[in-house]
Amino acid sequence: MLKPYLLLLIPFLLTSIALKAQTHKIVGSIEINNGNPLPNATVILRSFADSILIGGTSTDSNGKFILENINSGKYKLSVSHMGFAPYTTQLQVLNKDLFLNNIVLSSKEGIKLDSVTINRQRPLLTRSIDKLVLNVEGSVYERGENGLRLFNVIPGVQVIGKDIKYRGVENVTVYVDNRKLVLPPEQLEIYLRGIPSESIKSYELKAVPGAENDAQHGGVIINIVLKSEYKYGLTGNVGVRYWINDNNNGSASTSLNYRVGKFTAQSSFNYQNSAAYFQDKIYQEFKSTGVYNIQDDNYKEKYHSINFNFGFDYRLTDKQTIGINYNLLRNPGDFSNYTNNITDFFADKSHGNPDSTWISRKNTTFKYTSQMVNAFYRIKLDSTVSRLDIGYSYIGYDLDDPSRIETSFLNSEKVESRPRDSIFAYNNGKSHAHVFNIDLEKKLSKSLQINAGAKYTSSNTNYLMDYRFGLDKDSPLDTNRSNQFLYNEKIFAIYGSITKSFDKWQVKFGLRTEKTKYDGVSVTSGEEIDRSRWDWFPSAFVNRKIGDDHSLTFSYARRIDRPGFRQLNPFTFYLSRNNLWQGNPNLKPYYANNIQLEYLLKNRYSLSLGYQTTDDGIARLVTNEGEIVITREDNINDYRNLFLSFNVPLKLTKWWEMNFSTTFRNSSINLHTVPQVKRTKFNQYFWANSKFNLPKKYFIEISGNYANNEFSDIYDAKNVGKLDITVRKSFFNDKLTTSLELMDPFHFYKLGQTIDNEAINRSFVRNKIDWGRYIGFNLAYNFSNGKKTTDRESISAPGNDVRGRL
């Protein structure tokens, strides 16, 4: 069997295929009026008859370019560079390579923005004081891609199934035009796939978020900045997707933009009908009794969800804009969702025939609706970035989750030995939140800027867990396990930051403070919690440019991680008859400190050194009572993480690009348990990506990753690797894009975890998971009927951090 670490070598296998193509090349050079070479000029080749895009490149530092894999025929060649008049010519390739005479571009007056004259193309990567920017507009990634796949171009960021990770393990919070996307992984994947690269200006990576961002810790922040130019009339895109694993799955999405007069509207709709599933194999030994069991879990959920967005802006004047945005996320649920559990019990590890067997089946619906409305007012204070935003958001969440569990007990002869156990559980939850915000951004001078703002959040939740002795809602009530929990929370936050530039230095200092008051009560037991506190969150950034090719950035920030509202509910959730999860109303927020030093070379190669600390972090503690496994979260973990990460992009040929990313970590945990546990691991994460530009507008992308010796929460993760292959082709000037996905064709990806504590030794492997391994086909089409461009405002939606905790 092919080893996972060999996946990094597989891209080389395609080299021989590309070399066999019977094609030619076009060679030329670009210079300006005085005879000097012109680097970074854009060269585009289109067919003569119908202007279909054939290929494109940019000139090197000597002004030279090569277009390879060109068939014989007639073409139109165009050359452009900001600050120079465009150049177009006709040419013909006749069964041999074509060498062109020098092409001369005539200069024109520069384009002035705020008294700055721009005469050259922006590099792919740029670094500002607190973020790394991937400039998609004008790059080779501008056409034929989508918003999800482009995450793999950002240094250190990878899309792994439904998850987006930074440096292998760090979570990513996604924003679009400063609006936080709070969607389940399945919906987030659909939404991002529906954003064509043609509408994306850049990606902004904040590895250490500053004071202007919510203190709630959600990992690193990546903001997708869309092009603000929308055409008058109707523009948009449609997409469909089909994929097969153990089930047939499909999704469809559309996005529309419409502009008339002072009115701009946007809407999008996503629908997915698929099956979420996994298959686990679990081995468990209970140390107090010596009982050993082998457990097979099979879970399947029919997932047919709806995500609808609508928003509009209206320009009151040239400087004032009002607008409203609405989002609906709904999963109707299906009671045919199930979890099957078969557990064989043995007297010891010698196996043989089981002494007894439990067979449990759980059916559940898990129906929910999440809605958010955001209204805003913006006034631009001058012709620069200065502005004042005022906004309000309402968030509502409704959960309806009836489930039933029936368990039969068999002896060694596979005969039922006692009456079946029946449980009906009805979990109903309602949450509501109101958020008010005001934000000021003021540029005092060319080198000095201030940001300040305030935010108030009021939220309440009402969760009911109703247990019955039987299999339906009319069965007798179990008063010992049933409960109702009410929780109220109010957060008031103010922040300020100042940014100053000094020649080649740039500094930014910020401070955020939050007053949190919350209370909760168990209606059934009368248990209450009531707390109030102030928290302070400083941040600092220092950037130093060293020549034109080097920059160093120091970053520091303190963040908070509050428990989710469902985590605080003092309920017992039955995952199966012998596997329980318990909420904990005594969970407390915990704090994280993040220090990083980043070196950027030639706006391409990056090296980062960092140290992260967390005290009293929330961790999952797995114990048992007899043969019942119980998972409960508590503030027990002091975490330390020292890491070194680097990213190296390589352009091996005109048609072959590679990107390598590696992170080395020294991670340690200190658990406040009895007995106390201290452990340290040196772990590694490797990722590689290859992109092949083949003849006739075919593209092949191969990406792989491998994680070694990592923690899974506070336990040991199984080493795991993954290899994915994508083949893509574009038509009609890149308006229509098709792609074929082969996800994990060699079945490397098998998640696993080992738990070994005083109570239990537990090892599991997830042999199958719906998003890990499949074959998929995608079709996307972009259309436009407009003629003139305009802008739509990018306004932050302040309620999304609360929505994520719901």
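Residues numbered from 1 in each chain as written. Predicted model: local features only at pLDDT ≥ 70, side-chain atom pairs only at ≥ 80, totals over all residues. Heavy atoms only, no water.

Engineer: How should the overall build of the protein be read in this particular structure?
Structural biologist: The number of helices and strands found in the protein is 4 helices and 50 strands. Radius of gyration (C-alpha) of the protein: 29 Å, near the 28 Å computed for a compact globule of 806 residues. Considered along the principal axes of its C-alpha atoms, the protein spans approximately 90 × 60 × 50 Å. Each of the 806 residues in the protein was classed as buried or not, and the buried ones make up 52%. Contacts in the protein between residues at least 24 apart in sequence constitute 66% of all its contacts with a sequence separation of at least 6. In the form shown here, the protein has an accessible surface area of approximately 36,000 Å², with 55% of it arising from carbon and sulfur atoms. (Helix = DSSP H or I, 4+ residues; strand = E, 2+ residues; numbered from the N terminus. Rg over C-alpha atoms; globule rule 2.2 N^0.38 Å. Buried < 20%, exposed > 50% of the residue type's maximum accessible area, 1.4 Å probe, protein only. Contact = heavy atoms within 4.5 Å. Areas by Shrake-Rupley, 256 points an atom, 1.4 Å probe, with all protein chains shown as cover.)

Engineer: Help me out: how do you make sense of the environment of Lys729 in this one?
Structural biologist: Within the fold, Lys729 resides in strand β45 (residues 720-731). Spatially, the C-alpha atom of Lys729 lies 30 Å from that of Arg167, the residues being 562 residues apart in sequence. One polar contact links the side chain of Lys729 to the main-chain carbonyl oxygen of Lys696, over a distance of 2.4 Å. (Polar contact = N/O pair within 3.5 Å; in protein donor to acceptor, adjacent residues only side chain to side chain.)

Engineer: Where do I start with the pairing of strand β15 (residues 170-176) in this structure?
Structural biologist: Consecutive residues of a regular strand have side chains that alternate between opposite faces of the sheet. Burial of β15 is extensive: 6 of the 7 residues sit out of reach of the surface. As paired strands, strand β14 (residues 163-166) and β15 are joined by 2 bridges and run antiparallel to one another. Its bridge partner being in β15, Lys165 is matched across the sheet by Asn171. From the end of β14 to the start of β15, which pair antiparallel, there are 3 residues, and Arg167 there has a positive phi angle of about 55°. Bridge analysis of β15 against strand β18 (residues 220-226) gives 5 bridges, and the strand direction is parallel. The residue of β18 that forms the bridge with Thr173 is Ile221. (Pairing = 2+ DSSP bridges.)

Engineer: Any chance you could explain unusual backbone geometry here in plain terms?
Structural biologist: Excluding glycine, residues mostly have negative phi values, and the peptide bonds linking residues are mostly trans. For the bond running from Val674 to Pro675, omega is 0°, close enough to zero to count as cis. Mapped onto the secondary structure, Pro675 falls in the loop between β40 (656-671) and β41 (677-694). One non-glycine residue with positive phi stands out, namely Asn95, at about 55°. Inspection of the secondary structure assignment puts Asn95 in the loop between β6 (87-93) and β7 (98-99). Taking relative accessible area as the criterion, Asn95 reaches 63% and is therefore assigned exposed. Positive phi outside glycine occurs at Lys697, with the angle close to 65°. Relative to the helices and strands, Lys697 is located in the loop between β41 and β42 (698-708). With relative accessibility at 13%, the residue Lys697 sits in the buried group.

Engineer: How should the nonpolar core be read in this particular structure?
Structural biologist: The nonpolar side chains of a soluble globular protein tend to be buried with one another. Phe151, Ile164, Val174, Leu192, Tyr203 and Ile224 are the most contacted members of the largest nonpolar core, which has 62 residues in total. Residue contacts for Phe151: discarding those within four places in its chain leaves Val157, Val159, Ile164, Val174, Leu192, Tyr203, Ile222 and Ile224. Core analysis: the second largest hydrophobic core is formed by 19 residues, Ile70, Tyr75, Leu77 and Val93 among them. (Core = buried A, V, L, I, M, F, W, Y, C linked by side-chain atoms within 4.5 Å.)

Engineer: It is not clear to me how a nonpolar patch on the surface should be interpreted in this structure. Could you clarify?
Structural biologist: Together, Ile546, Leu552, Phe554, Ile595, Leu597, Leu607, Leu609, Tyr611, Leu642 and Leu644 make up an exposed nonpolar region whose accessible area comes to about 790 Å². Counting residues per element, the ones that place at least two in the nonpolar patch are β34 (550-561), β37 (590-601), β38 (605-625) and β39 (628-653). Looking at the nonpolar patch element by element, the count peaks at 3 residues for β38. Following the sequence through the fold, Tyr611 ends up in strand β38. (Patch = residues over 30% accessible without salt bridge, like charges linked within 9 Å, V, L, I, M, F, W, Y side chains within 5 Å. Salt bridge = Lys/Arg side-chain N within 4 Å of Asp/Glu carboxyl O.)

Engineer: In this structure, what is going on with the pairing of β38? I would like to understand it.
Structural biologist: As judged from the 11 bridges shared by β37 and β38, these two strands associate in the antiparallel manner. Bridge pairing in β38 links Tyr599 to Leu607. Between the end of β37 and the start of β38, which pair antiparallel, lie 3 residues, with Lys602 showing a positive phi angle near 55°. Across 18 bridges, β38 lies against β39 in antiparallel orientation. Bridge pairing links Ser608 to Ser645 in β39. If you look at the hairpin formed by β38 and β39, you'll find 2 residues sitting between the two strands, and Gly626 has a positive phi there, around 65°.

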